[in-house]
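Summary of structural features
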Amino acid sequence: MTKSFRTLDDVDVKGKRVLLRVDLNVPMEGGRVTDATRLERVAPTITEISDKGGKVILLAHFGRPKGRDAKDSLKPVAAELAKVIKRPVGFADDCIGEVAAKAVGAMKDGDILCLENTRFHKEEEKNDAGFVAELAKLGDIWVNDAFSAAHRAHATTEGLGHKLPAYAGRTMQAELDALGKALDAPTKPVIAIVGGAKVSTKIELLENLVSKVDALVIGGGMANTFLHAQGVAVGKSLAEKDLAATALRILDKANAANCAIILPVDAVVASQFAANAPAHAYGLDAIPTDGMILDVGPQSIARIHAAIDDAATLVWNGPLGAFELTPFDRGTVVSAKHAAQRTKSKKLISVAGGGDTVAALNQAGVGGDFTYVSTAGGAFLEWMEGKPLPGVEVLKHG
């Protein structure tokens, strides 16, 4: 897939000022970074450009500030990044103007500089032409390594690609390669597992997937909406009953596209939404009226495992049950372990993404065993929905 993109292999960065868009939007508590995953992801691109003699100028947003706000400064993040990459990272108190120009002007080849939060300027999210021009003055080339922000047409994620020669960083390149293998030109048969609480947030996703995959496993709260639509009494379970017609339309579309839909055939039911609440597995015809479906049952898990065994490629988004509560994480955890095992034995290409999904895979201890795990939430979802991503489109040849 990256054949259609310019990457770092297509440019000599030595002596060049490289505006590198990265995702530094890390979780913080009390001024400290609590999870450095995103910093670790961008480290290879930063160090490669630095080692090749490029001047690395980092552009990133943090939080959703309305103007300048000290609590959303990237300064502590830059300090943490320096620890991750084990080299100094300079910091400038603004991303445009004299402060930024002075800091960039003082750089030597191989230096790394982080500019202040681009969202301190409202023009960033508006993709304002004047703001883009101010940013472009600071660099010779633009490298986008923030797939997680690629669904936004902002100044630093898309606008700069029209002003400067544009390239994909290594993280972006890996993401696009993995996604290409998963849905654009996959090894068939392809199975998708889609879970999570609500159908309403994933209608476009489901409609796109049924035309692309051979089988679609639906789990989590959203499965209850489908079961309800088919006349199953789901008790007090979370279900969007007003979306019954939508669910039936998706089932019809799947049928027409020859995509097998795999819904739960049994469920683990409790009377309250709480960790370790007394629970039992029931067939779908016997869900108690005061019961809540909180996980897929053992027969459903066996069906999901069989579907994974039949597949050559797996795309996963969303948990199969209330995975944040024990023991209702079991369906998600054992299925994730099964997919990881198939991946390790080279029988499966597995790509997963979305916030809850990453958390669930890490909880199962298999985050590192999938072929690729995307840390991009919204961008991963929009890609799965079949939408063009502005920050990716601008990197294409032509």
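Residues numbered from 1 in each chain as written. Predicted model: local features only at pLDDT ≥ 70, side-chain atom pairs only at ≥ 80, totals over all residues. Heavy atoms only, no water.

**What to know about the nonpolar core**
Note the cut-off: In these notes, a set of buried Ala, Val, Leu, Ile, Met, Phe, Trp, Tyr and Cys residues joined through side-chain atoms within 4.5 Å is what counts as a nonpolar core. For the exposure calls, accessible area comes from a 1.4 Å probe over protein chains only, and a residue counts as buried if that area is under 20% of its type's maximum, exposed if over 50%, partly exposed in between. Secondary structure elements follow DSSP: runs of H or I no shorter than four residues count as helices, runs of E no shorter than two count as strands, and numbering proceeds from the N terminus. By the convention used here, residues are in contact when the closest approach between their heavy atoms is within 4.5 Å.
One finds L115, F147, L160, L209, L216, F226 and W383 to be the most contacted residues of the largest nonpolar core, which totals 75 residues. With 6 residues, the top contributor of residues to this core is helix α6 (residues 170-184). Each residue touching W383, except ones within four places of it in the same chain, is listed here: F147, L179, A182, L183, D184 and L389. With 31 residues, the next largest nonpolar core counts V13, V56, A60 and V77 among its residues.

**Re the packing of aromatic side chains**
Stated precisely, the cut-off is as follows: Side-chain rings of Phe, Tyr and Trp (the six-membered ring for Trp) are treated as a pair once their centres are within 6.5 Å; stacked means planes under 30 degrees apart, edge-to-face means over 60, and tilted covers the remaining angles. Any Lys NZ or Arg CZ that is within 6 Å of a ring centre and within 35 degrees of that ring's normal is treated as a charge sitting over the ring.
With the rule as written, the count across this model stands at 2 aromatic pairs. Between the aromatic rings of F380 and W383, the centroid separation amounts to 5.7 Å while the plane-to-plane angle is 40 degrees, which identifies the pairing as tilted. Taken as a pair, F380 and W383 lie in helix α13 (residues 378-384) at a separation of 3 residues, close to a single helical turn. Classification of F380 as buried rests on a relative accessible area of 0%. Here the basic side chain of R41 rests over the ring of Y372, its NZ or CZ set 5.5 Å away from the ring centre.

**Here's the deal with the sheet that holds strand β7 (residues 141-144)**
In plain terms, the rule: Between any two strands, at least two bridges found by DSSP are needed for them to pair. For helices, the fitted axis covers only the stretch in contact; all axes are lines through C-alpha atoms, and the angles between them, taken along N-to-C directions, range from 0 to 180 degrees.
The strand order β5-β6-β4-β1-β7-β8 describes an open sheet built from 6 strands, whose pairing is parallel. Looking along the sheet, the strands with just one partner apiece sit at the ends: β5 (90-92) and β8 (166-168). Neighbour-to-neighbour, the strand axes of this sheet turn through a mean angle of 25 degrees, independent of strand direction. Examined bridge by bridge, β7 and β8 share 3 bridges and lie parallel to one another. Of the residues in β8, the one forming a bridge with V143 is Y167.

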